[in-house]
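Letter by letter, the chains look like this.
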Amino acid sequence: MKPTRITPARITFAADGPPSAPDFGDVYHPAAGALAQARHVFLAGNGLPGRWAARPRFVVLETGFGLGNNFLATWDAWRSDAQRCERLVFVSIEAHPPRREDLVRAHAGSPLPALAAELIAAWPPPAPGLHLRDFDDGRVRLLLALGDVERLLPALRLHADAVFLDGFAPARNPAMWSPRVLKAVGRRAAPGASAATWSVAVALRQGLATAGFEVQRAAGIGGKREITVARFAPRWRCEPPPTPPRDAIVVGAGLAGAAVARALARAGIEVTVVDRQPVPAAEASGNPAGLFHGTLHPDDGPHARLFRAAALHAAQVYRAAVAAGVPGAVSGLLRLDQRAGGADAMRALLASSGLPGAYVDVLDAAEASRRAGVALPAPAWWYPDGGWLSPADWVHHALAAPGVRLLAGRAVVSLQRAGARWRVADADGAVIADADAVVLANAGGAQALLATAGAAGSAWPLRHTRGQVTWWPCSTPLRLPVAGDGYALPLPGALLCGATREPQEPGESANDEPARDADHRHNLQRLQRLTGLAPPDVSTPLGGRVAWRCHSDDRLPIAGALPAFTLPAGQRLEQARRVPREPGLYALTALGARGLTLAPLLGELVAAMATGAPWPLEQDLADAVDPARWLVRAARAGAAATAG
Ligand SMILES: Cc1cc2nc3c(=O)[nH]c(=O)nc-3n(C[C@H](O)[C@H](O)[C@H](O)COP(=O)(O)OP(=O)(O)OC[C@H]3O[C@@H](n4cnc5c(N)ncnc54)[C@H](O)[C@@H]3O)c2cc1C
Ligand SMILES: C[S@@+](CC[C@H](N)C(=O)[O-])C[C@H]1O[C@@H](n2cnc3c(N)ncnc32)[C@H](O)[C@@H]1O
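Residues numbered from 1 in each chain as written. Chains lettered and ligands numbered in written order. Predicted model: local features only at pLDDT ≥ 70, side-chain atom pairs only at ≥ 80, totals over all residues. Heavy atoms only, no water.

Participant: Can you walk me through the sheet that holds strand S31 (residues 581-589) in this structure?
Facilitator: One key point about sheets: their strands pair by backbone hydrogen bonds, in either a parallel or an antiparallel sense. Taken in spatial order, the six strands make up an open sheet running S19-S12-S11-S23-S31-S30, and their pairing is mixed. A strand with exactly one partner marks an edge of an open sheet, and here the two such strands are strand S19 (404-408) and strand S30 (558-563). Averaged over all pairs of adjacent strands, the angle between their axes in this sheet comes to 20°, without regard to strand direction. Here S30 pairs with S31 via five bridges, running antiparallel. Its bridge partner being in S31, Ala561 is matched across the sheet by Tyr586. Against the sheet, helix H13 (residues 446-453) makes contact with strand S11 (247-251), strand S23 (437-440), S30 and S31, and its axis sits at roughly 140° relative to S23, the strand it touches most. (Pairing = 2+ DSSP bridges. Helix = DSSP H or I, 4+ residues; strand = E, 2+ residues; numbered from the N terminus. Axes fitted to C-alpha atoms, helices over the stretch in contact; angles between N-to-C directions. Contact = heavy atoms within 4.5 Å.)

Participant: Can you help me understand the site of ligand 2 in this one?
Facilitator: Around ligand 2 there are 22 residues in total, and Gly64, Asn70, Glu94, Asp148 and Asp166 lie nearest to it. Taking Asn70, its main chain carries an N or O atom lying 2.8 Å from an oxygen atom of ligand 2. Measuring from a nitrogen atom of ligand 2, one finds a backbone N or O atom of Val149 at 3.0 Å. (Near = heavy atom within 4 Å. Polar contact = N/O pair within 3.5 Å; in protein donor to acceptor, adjacent residues only side chain to side chain.)

Participant: I'm lost on the pattern of salt bridges in this one. Help?
Facilitator: Between side chains of opposite charge, pairing is possible as soon as their charged atoms come close. Tallied over the full model, the rule gives 38 salt bridges. Notably, a salt bridge pairs Arg10 with Asp23, separated by 2.5 Å at the nearest N-O pair. Of this pair, Arg10 sits in the segment before strand S1 (20-21) while Asp23 sits in the loop between S1 and strand S2 (26-27), and the two are 13 residues apart along the sequence. Measuring nitrogen to oxygen at the nearest pair gives 3.2 Å for the salt bridge that ties Arg421 to Asp434. In this pair, Arg421 sits in strand S21 (residues 421-425) while Asp434 sits in strand S22 (residues 431-435), placing the two residues 13 residues apart along the sequence. (Salt bridge = Lys/Arg side-chain N within 4 Å of Asp/Glu carboxyl O.)

Participant: Even after reading the chapter, I still don't get unusual backbone geometry, so can you show me in this structure?
Facilitator: Glycine aside, the phi torsion of most residues is negative, and most peptide linkages are trans. Backbone torsion omega between Leu48 and Pro49 reads 10°, so that peptide bond is classified as cis. Examined against the element boundaries, Pro49 turns out to sit in the loop between helix H1 (34-43) and strand S3 (57-63). Cis peptide bonds are those with omega within 30 degrees of zero, and the linkage from Gly498 to Ala499 qualifies with -20°. Note on placement: Ala499 falls in the loop between strand S27 (494-498) and strand S28 (502-503). Backbone geometry places Ala54, a non-glycine residue, at a positive phi of 60°.

Participant: I keep staring at helix H2 (residues 69-80) and nothing clicks. Help me out?
Facilitator: For an α-helix, 3.6 residues make a turn, and residues three or four places apart therefore share a direction. Under the 1.5 Å per step criterion, the end-to-end length of H2 is 16 Å for 12 residues, consistent within 8% with the ideal 16 Å. In terms of residue burial, H2 counts as a mostly covered element, since 10 of its 12 residues are buried. Within H2 the residues assigned to the buried category are Asn69, Asn70, Phe71, Leu72, Ala73, Thr74, Trp75, Asp76, Ala77 and Trp78. (Expected span 1.5 Å × (residues − 1). Buried < 20%, exposed > 50% of the residue type's maximum accessible area, 1.4 Å probe, protein only.)

Participant: Any chance you could explain the sheet that holds S21 here in plain terms?
Facilitator: Reading across from one edge, S20-S21-S22 is the order of the three strands in this open sheet, with antiparallel pairing throughout. The open sheet has two free edges, formed respectively by strand S20 (414-418) and S22, since each of these has just one partner strand. Direction aside, neighbouring strands of the sheet carry axes that sit 20° apart on average. As paired elements, S21 and S22 share four bridges and run antiparallel to each other. Its bridge partner being in S22, Arg423 is matched across the sheet by Asp434. Strand contacts of H13: S20 and S21, with the helix running at about 40° to S20, the strand carrying the most contacts.

Participant: Quick question: what am I supposed to make of the packing of H1 against H2 here?
Facilitator: Look at H1 against H2: their axes get within 9 Å of each other, and the N-to-C directions meet at 70°. Of the possible angle classes, the one that applies to H1 and H2 is roughly perpendicular. Contacts from Ala34, Leu35, Ala38, Arg39, Phe42 and Leu43 in H1 reach Asn69, Asn70, Ala73, Thr74, Asp76 and Ala77 in H2. When its residues are assigned to classes, the contact of H1 with H2 shows seven nonpolar, three polar and two charged. (Parallel < 35°, antiparallel > 145°, perpendicular 65-115°, else oblique. Nonpolar A, V, L, I, M, F, W, Y, C, P; charged D, E, K, R; others polar.)

Participant: Explain the side chain of Arg262 here, please?
Facilitator: With respect to the helices and strands, the residue Arg262 is situated in helix H8 (residues 255-266). Leaving out residues up to four positions away in the same chain, Arg262 has contacts with Val317, Trp394, Ala398 and Glu604.

Participant: Help me understand the pairing of strand S9 (residues 213-219), please; the structure alone is not making it clear to me.
Facilitator: Regular strands have side chains that alternate between both faces of the sheet. With seven bridges joining them, S9 and strand S10 (residues 226-232) adopt antiparallel strand pairing. For Ala219, the partnering residue across the bridge sits in S10 and is Glu226.

Participant: What exactly am I supposed to notice about the site of ligand 1 here?
Facilitator: Within the structure, ligand 1 sits among 36 residues, and Asp275, Ser285, Val412, Gly592 and Leu596 are positioned closest to it. For ligand 1, a nitrogen atom lies 2.8 Å from a polar atom in the backbone of Val412. Residue assignment for the shell around ligand 1 shows that the elements contributing at least two residues are H8, strand S12 (270-275), strand S13 (290-292), strand S24 (462-473), strand S29 (543-552) and helix H15 (595-611). Three or more residues apiece are contributed to the shell around ligand 1 by two domains, here domain 2 (247-282 + 393-461 + 554-643) and domain 3 (330-390 + 463-547). (Domains from an automatic or database assignment.)

Participant: Would you take a moment to explain the packing of aromatic side chains for this structure?
Facilitator: Ring pairs (aromatic) are described by centroid distance and by the angle formed between their planes. Summed over all chains, the structure comprises 17 aromatic pairs. Between Tyr28 and Phe168, the aromatic rings sit 5.2 Å apart at their centres with planes inclined by 80°, giving edge-to-face as the arrangement. Of this pair, Tyr28 sits in the loop between S2 and H1 while Phe168 is found in the loop between strand S7 (160-165) and helix H6 (179-187), placing the two residues 140 residues apart along the sequence. With relative accessibility at 11%, the residue Phe168 sits in the buried group. Ring geometry for Trp75 versus Phe135: centroids 4.6 Å apart, planes at 40°, classification tilted. With Trp75 in helix H2 and Phe135 in strand S5 (residues 129-135), the pair connects residues that are 60 residues apart, well separated along the chain. Overall, Trp75 belongs to the buried group, its relative accessible area being 0%. Among the residues examined, Phe135 registers a relative accessible area of 5% and is labelled buried. What links up through ring pairs into an aromatic cluster is the set Phe42, Phe65, Phe71, Trp75, Phe90, Trp123, Phe135 and Phe164. The positively charged end of Arg157 is found above the aromatic ring belonging to Trp615, 4.2 Å away from the centroid. (Phe/Tyr/Trp six-rings, centres within 6.5 Å; stacked < 30°, edge-to-face > 60°. Lys NZ or Arg CZ within 6 Å of the ring centre and 35° of its normal.)

Participant: How should the domain arrangement of the chain be read in this particular structure?
Facilitator: Many authors give the size of an interface as the accessible area that is lost as the parts come together. Taken domain by domain, the chain consists of domain 1 (20-232), domain 2 (247-282 + 393-461 + 554-643) and domain 3 (330-390 + 463-547). A C-alpha centroid distance of 43 Å is found between domain 1 and domain 3.

Participant: In this structure, what is going on with the environment of Ser475? I would like to understand it.
Facilitator: Among the structural elements, Ser475 can be located in the loop between S24 and strand S25 (482-484). Accessibility expressed as a relative area gives 73% for Ser475, which makes it exposed. Residues Ser475 and Trp388, 87 residues apart in the sequence, show an inter-C-alpha distance of 17 Å.

Participant: Just to check I follow, could you spell out H15 for this structure?
Facilitator: Here H15 is 17 residues long and its end C-alpha atoms lie 23 Å apart, about the 24 Å a rise of 1.5 Å per residue gives. The sharpest bend along H15 comes to roughly 25°, located at Leu601. Summarising burial for H15: 17 of the 17 residues are buried, a large majority. Gly612, located one to two residues past H15, shows a positive phi value of around 80°. (Bend = angle between axes of the 7 residues up to and from the residue.)

So, in structure tokens, the structure goes:
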């Protein structure tokens, strides 16, 4: 797949008029003012704020984020409204995001300076895909989708209650108003949705009507005599968003469980987290520290895009956690690269990827060494948003979120459906908890629980690898996490290196493995190769910890709704996304060696699926982690064998 390159907007600022885009020959808003237009056309035109009154969630879909004026006006209206919805989700698509300095300039005299400052502080790097930003404790969510509307809109999963159509003028920017785009808008409209735009172009009005909207004219503003308002009233049946669960059980209190519990609680769901260990994060997520960062691949396929989206989101979440006292640092990470051609070959790859330096850059060995504080043997990829974190502390922090209850020391041995609810029970058959939804976030144990619920035939090809980390107290010159063949993390007053990777041997159990001296030696040798740092004196006592990583056979995690236990006769299995689901049952597991990077975003994905909120990932990336993907692969293999 050819990587998508995001070209930031070229914006011209005039002393006496609105900012304009020379590439489109149009202005960002009328001279009457961006806020006046936002309030009259987009808010009032969609019946807002009245239509969101007392609703648990209201979703706005916008085409053309531009300078974010409509978003700021909507957020401001939400804040000022005593009858506001509990949660506002604003999804906006933008092909040419402004550079941060242009955003600052555009909002220099903003009538909403505090909101504009928050938006600017949260402004993402121009990397393609979805960027999730939460404001007001997550009650206002911006999902900024960077890319071309025709490509990106069909990849979004959401049910819009109101649509703001705000491209440049149709004659100058036809791609934003094409029948295809309007049809895709209709496909994402919730029953009773509205739409509004300042344009009254005939083709637009016809396109909206074809997409299922009843179209009307309303009084205009600022030189526009009329505007277009519309109500979604299709002649065909349209899918309502799923009813959110009132409560949910999460089995497992590691990174996966904590991330999904946090996301569900922020969506207003009462969550009970159950773990067999007496304290959370006592298994794979219990190391003193781990690293997180993105990735780069020439074809920018699903794996690279998923890890990029996850790493960019993790940096947001962990920055806030570190500010709240969780041990860690989000101040960059170096990943050494020994490829032939060195830094020049890496620069060529970076240039062909089109990815911004704010996401990943190339440093030659001298510059990488200067930043690291030690002599490094090779050039490095520089991930400015990478870093390290104490996973266990983050798990505790996430589980302390309001709305999350922890039941520790309770092993779940069975999962049963009880009417419309799910029940988890212990070895004596005593019910530990029951809820509308359940998320299996108990690593390799998820399969056994599914079997108790009667999910025959949905086995995932999971495997486990043993890993050991090594650390000791010291004052180290290393200033940043360095990864490559192994990794080295400078912690306050200590250095941690790791990690070994060995397949599970028969008879090895998950929890009672002691650290091995040979594995410490292995970690220390790799540390020396990676950073040139000498191992500690033999008299120094080494800290060590062993745990098990859980992987799937395609090295991608498992996140999402589980396939129905009984599929309808003749069900076609060509695409995972069309496989029917078992109501209220989800999984988040197989995070492999990248749980810190993956957990926060995939926790949000699972919560969005469970609550019917807009998904924070494009459909094809959700497909890549779909728990049903092996059903489809098995069906394809079966069909190929029959054909052969
Ligand atoms: C040595 C080592 C180094 C690593 N380094 C890094 C790193 O630097 N960066 C990184 O991102 N990742 C790293 N990882 C991987 C990372 O630790 C994992 O991806 C992550 O911890 C997995 O989280 P999890 O919540 O899926 O699993 P776990 O943390 O294992 O959580 C599963 C939980 O489920 C509970 N449970 C299981 N069965 C039941 C049941 N029946 N009833 C109730 N509770 C149950 C368990 O008690 C456990 O708490 C490393 C892993 C190892 C082993
Ligand atoms: C009028 S401006 C939007 C103003 C914005 N709603 C605001 O409140 O500031 C139109 C926007 O559409 C974007 N755009 C143009 N063509 C696009 C396309 N094909 N896909 C996505 N966005 C596009 C432009 O880059 C521009 O930012």
